[in-house]
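The residues making up each chain are set out below.
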Amino acid sequence: MIAVLQRVEEVKLFVGGELFSSIRQGVLILLSLGREDEEGDFSSFIRKILHLKMFLDEDGKLGRSLLEVGGDIMLVSQFTLHGEIKKGKKPSFSKSAPRMKAEILFGEFHRQLKKHFAGKIALGKFGEEMKIMPCLAGPVTFILNSGE
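I will try to describe carefully the structure that is included in this document.

So, how was this worked out
- Residues numbered from 1 in each chain as written.
- Predicted model: local features only at pLDDT ≥ 70, side-chain atom pairs only at ≥ 80, totals over all residues.
- Heavy atoms only, no water.
- Buried < 20%, exposed > 50% of the residue type's maximum accessible area, 1.4 Å probe, protein only.
- Helix = DSSP H or I, 4+ residues; strand = E, 2+ residues; numbered from the N terminus.
- Arc of directions from axis to C-beta.
- Contact = heavy atoms within 4.5 Å.
- Phe/Tyr/Trp six-rings, centres within 6.5 Å; stacked < 30°, edge-to-face > 60°.
- Axes fitted to C-alpha atoms, helices over the stretch in contact; angles between N-to-C directions.
- Parallel < 35°, antiparallel > 145°, perpendicular 65-115°, else oblique.
- Left-handed = near helix turned anticlockwise from the far one by under 90°.
- Nonpolar A, V, L, I, M, F, W, Y, C, P; charged D, E, K, R; others polar.

Among the residues making up helix α1 (residues 43–51), those that are buried are Ser43, Phe45, Ile46, Ile49 and Leu50. All buried residues of α1 fall inside an arc of 160° around its axis, so they share one side.

Mapped onto the fold, Ser96 is located in the loop between β6 (72–77) and α3 (99–116). For Ser96, a relative accessible area of 3% translates into the label buried. Look past the residues within four positions of Ser96 in its chain and what remains in contact with it is Leu33, Gly34, Arg35, Phe79 and His82.

Okay, the packing of aromatic side chains next. Considering all chains together, one arrives at four aromatic pairs under this definition. A connected cluster of aromatic rings, assembled from ring pairs, spans Phe42, Phe45 and Phe109.

Looking now at the packing of α1 against α3. As a packed pair, α1 and α3 sit with axes 10 Å apart at the nearest point and diverge in direction by 55°. Taken together, the axis directions place α1 and α3 in an arrangement best described as oblique. Crossing geometry of α1 relative to α3 is assigned as right-handed. Seen from α1, the contacting residues are Ser43, Phe45, Ile46, Arg47, Ile49 and Leu50; seen from α3, they are Phe109, Gln112, Leu113 and His116. For the contact of α1 with α3, the per-class residue count stands at six nonpolar, three polar and one charged.

Below is the structure:
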């Protein structure tokens, strides 16, 4: 499982040219599920996301978490994070979970996230072409990999 976390002032997500979901201050999470990922407990990965110090404190340092600032979450599936470009120009997605498995795992991740986070969670539309308009703050971006 790979997640790209971006601190945002707001995010608007469009599907088919229509506004599908949006958030204010918080975190955009682009989540990729790998072929080796299994249904199970995502709690430690979720806790790491929620407690990661990626917001400014009173000293202007990265000293506050999403939970501490009361921000929102935009959760979007992005299988391309598992893409590899070792030879040539065409990416290989052999490490990405197959679509049906990824959709099940994504749903389970979302369910478990809701158990740990009482704030607003907006979603992308799984498997659809989306236009995402984030207003990045900082910019502050972190990449988390459950395999590391």
